[in-house]
Amino acid sequence: MICVFAALLGAAMFGPYIQNVTDTGGLVVWEGEDLSPVVRAVVAPNGEFALKADTVRVGDDDRVRVRLAVRGVEPGSHVRGHLLDTDSTIVPLSSFSFTTPDPDAAVRFLYFGDSGSCSGTQRTLSRLINKLDADFAAHAGDVIYPSGERKRYDECFLAMYRPMLSRTPFFPVIGNHDIRTSDAAPYLEIFDLPIVKGIPENHRERYYSFRWGPIFWLALDSNDALEMRDTQCSDGREVSDKNRYETVKNISLELREESHQYRWLVKELASAPAECWIVINLHAPPLSTTYHESYCGLYKALQAASLEAGRKIDIVISGHEHDYQRSWPIRMDVPGDQNDPASKKGRGESWPMEFDAAEGTFFIVSGGGGGRKMFRPSPDEGVAWIARGEKKNHVMQFFVDDRSILLQSIDSREVLLDQVRIVR
Ligand SMILES: [Fe+2]
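The model shown is predicted, which means the values in this text are computed figures rather than measured ones.

Draft legend 1. Fine view of the confidence of the model for the protein. Mean pLDDT for the protein: 86, with 82% of residues reaching 70 or above. This model gives residues 37-42 a pLDDT under 50, and the stretch forms 19 contacts once residues within four places in sequence are excluded.

Here's what the structure looks like:
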């Protein structure tokens, strides 16, 4: 067990929250306006730790930000710790825990997105999110509305999800709202994400990968999708004006061939462990029936990368649309077929409907985390690929092992909106 003593002088503390967990360690972060640097810490015999305290500017105030790096533990280790006031070591101010990934263990993860409005609906859904236990959580981006402001992380993210964040490693992608303050500087300060070697310095933490048990996870930055909207959808439809997106100034993050991000994606897909499921997380949806419509350029980029790498993608999950949409299995290896699902049958009369993984890729939009404006998918109005759609705030949970993925979409009242099992 790791035990950390911090001096806290009575003011609000934000965190602790868990970042960048690997099979040998992780990072625990917390900050406060009157938090003095940590004074003492004790670590378990099979691990090491390092503490670092920095001063950061939040709004008009300086704040101490503490990062506890845990290293050298075994895969599958359960790490726990308590933050204690130096004046009173009886009741911890806060506690944290996480379990490092075990390559042979089944995994449960949470997913939600487009949450950071501080709305009543975000708060209502957060009560469910804070109740759910998982090995890790991932987010579709738009962590903070309207513009990814640093100060709004306090109330609309760190306090909102405090119970979940203190025990669940959190892996987001950057949404179009998150980049509006200084090209996502607050997002990049709050989050410590896996570092990809050999990419331009200003691409760091904007796209990354990790393995967690049977999952190989790829997080992409779709914020230069505007650069790709000149491509027509494969049904010949012109991309509409609503399908606009924002660019990150001075940072070329498009997924065109020969871009850094695209070349990295192909390399990662080609070298991903054969036994892993491939999950891709990005903010803008390659397929969508609602307000922004499909980002066909992104669909084509993922399709090209999958074909070039010779590796099937199992799940593509995104947000940006404030709703829930789930496709039938899509055969990405057949050019231009996203409107022609491979199978609309599945097996089983009731939930969970079961599919063979070989039938195709599932595209999911899960952007119902609490954004103020909701959109209504219409699965029965002639778009062939969509199997289920809901205008509901929701969180998803996935249960993944070597043989199967069970995915569930759950609304704020804990009603199941969708449930699918993918087997291999
Ligand atoms: Fe968005």
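Draft legend 2. Molecular detail of the pattern of salt bridges. Overall, the coordinates contain 22 salt bridges when judged by the stated rule. A salt bridge links arginine 65 to aspartate 192; the shortest N-O distance between them is 3.9 Å. Residue arginine 65 is found in strand E6 (residues 61-71), and its partner aspartate 192 is found in the loop between helix H4 (185-190) and strand E12 (208-212); the two are separated by 127 residues along the sequence. Given a relative accessible area of 3%, arginine 65 falls into the buried group. With a closest N to O distance of 3.8 Å, glutamate 354 and arginine 421 form a salt bridge. A residue pair is termed long-range when its members are at least 10 positions apart, and glutamate 354 in strand E17 (residues 353-356) and arginine 421 in strand E22 (residues 416-423) qualify at 67 residues. The network of salt bridges with shared partners includes Glu31, Arg63, Arg65, Arg67, Arg150, Lys151, Asp154, Glu189 and Asp192.

Draft legend 3. Representation of the packing of aromatic side chains within the structure. Scanning the model with the defined rule gives 27 aromatic pairs in all. Centroid distance phenylalanine 171 to tyrosine 208: 6.4 Å. Interplanar angle 40°. Geometry classified as tilted. Of this pair, phenylalanine 171 sits in strand E11 (residues 170-172) while tyrosine 208 sits in strand E12; the two residues are 37 residues apart in sequence, bridging distant segments of the chain. Summarising the burial analysis for this pair, phenylalanine 171 and tyrosine 208 share the class buried. Between phenylalanine 355 and phenylalanine 362, the aromatic rings sit 5.3 Å apart at their centres with planes inclined by 65°, giving edge-to-face as the arrangement.

Draft legend 4. Molecular detail of unusual backbone geometry. Going from glycine 15 to proline 16, the amide bond is cis rather than trans, its omega being 5°. Cis geometry marks the peptide bond from tyrosine 145 to proline 146, where omega comes out at -5°. Of note in the backbone geometry, aspartate 114 takes a positive phi value of approximately 55° without being a glycine. If you trace the backbone, aspartate 114 turns up in the loop between strand E9 (107-112) and helix H1 (120-131). Phi is positive for serine 182, close to 50°, though the residue is something other than glycine. Positionally, serine 182 belongs in the loop between E11 and H4. By relative accessible area, serine 182 is classed as exposed at 57%.

Draft legend 5. Representation of the packing of helix H5 (residues 260-271) against helix H6 (residues 296-309) in the model. Following both chains from N to C, one finds H5 and H6 inclined at 45°, their axes separated by 8 Å at the closest point. Compared by their axis directions, H5 and H6 come out oblique. Considering the relative orientation of H5 and H6, their crossing is right-handed. Here Tyr262, Arg263, Leu265, Val266, Leu269 and Ala270 of H5 come into contact with H6, specifically with Ala301, Leu302, Ala304, Ala305, Ser306, Glu308 and Ala309. Counted by class, the contact of H5 with H6 contains 10 nonpolar, 1 polar and 2 charged residues.

Draft legend 6. Highlighting the coordination of the iron ion. Those protein atoms acting as donors to the iron ion are Asp142 (OD), Asn176 (OD1), His283 (NE2) and His320 (ND1), and they sit at 2.2 Å. Angles of 88 to 163° at the metal separate the 4 donor atoms of the iron ion, which places the site in the irregular class. One chain supplies every donor for the iron ion, spaced along it as D-x33-N-x106-H-x36-H. Here the residue aspartate 142 occupies a position in the loop between strand E10 (136-139) and helix H2 (152-158), and histidine 320 occupies one in the loop between strand E15 (315-318) and strand E16 (324-327), the gap between them amounting to 178 residues. Residue aspartate 142 is classed as buried on the basis of its relative accessible area, which comes to 1%. Residue classification places histidine 320 among the buried positions, given a relative accessible area of 5%.

Draft legend 7. Spotlight on the pairing of E16. Burial along E16 is two-sided: Tyr324 and Arg326 facing one way and Gln325 and Ser327 facing the other are all buried. For E16 and strand E18 (residues 362-366), the ladder comprises 3 bridges, and the chain directions are antiparallel. Opposite glutamine 325, over in E18, you have valine 365 as the bridge partner. Where E16 meets strand E19 (residues 386-390), 4 bridges bridge the pair, whose relative direction is antiparallel. Paired with arginine 326 across the bridge in E19 is arginine 388.

Draft legend 8. Focus on the environment of aspartate 114. Take aspartate 114: its relative accessible area is 0%, and that puts it in the buried class. Separated by 257 residues in the primary sequence, aspartate 114 and glycine 371 place their C-alpha atoms 5.6 Å from one another. There is a polar contact of 2.9 Å between the side chain of aspartate 114 and the backbone nitrogen of histidine 320.

Definitions and limits used
- Residues numbered from 1 in each chain as written.
- Predicted model: local features only at pLDDT ≥ 70, side-chain atom pairs only at ≥ 80, totals over all residues.
- Heavy atoms only, no water.
- pLDDT = per-residue confidence, 0-100.
- Contact = heavy atoms within 4.5 Å.
- Salt bridge = Lys/Arg side-chain N within 4 Å of Asp/Glu carboxyl O.
- Helix = DSSP H or I, 4+ residues; strand = E, 2+ residues; numbered from the N terminus.
- Buried < 20%, exposed > 50% of the residue type's maximum accessible area, 1.4 Å probe, protein only.
- Phe/Tyr/Trp six-rings, centres within 6.5 Å; stacked < 30°, edge-to-face > 60°.
- Axes fitted to C-alpha atoms, helices over the stretch in contact; angles between N-to-C directions.
- Parallel < 35°, antiparallel > 145°, perpendicular 65-115°, else oblique.
- Left-handed = near helix turned anticlockwise from the far one by under 90°.
- Nonpolar A, V, L, I, M, F, W, Y, C, P; charged D, E, K, R; others polar.
- Donors = N, O, S within 2.8 Å, 3.2 Å for Na, K, Ca; no water.
- Tetrahedral: all angles 85-135°; square planar, octahedral: opposite > 155°, others 65-115°.
- Pairing = 2+ DSSP bridges.
- Polar contact = N/O pair within 3.5 Å; in protein donor to acceptor, adjacent residues only side chain to side chain.

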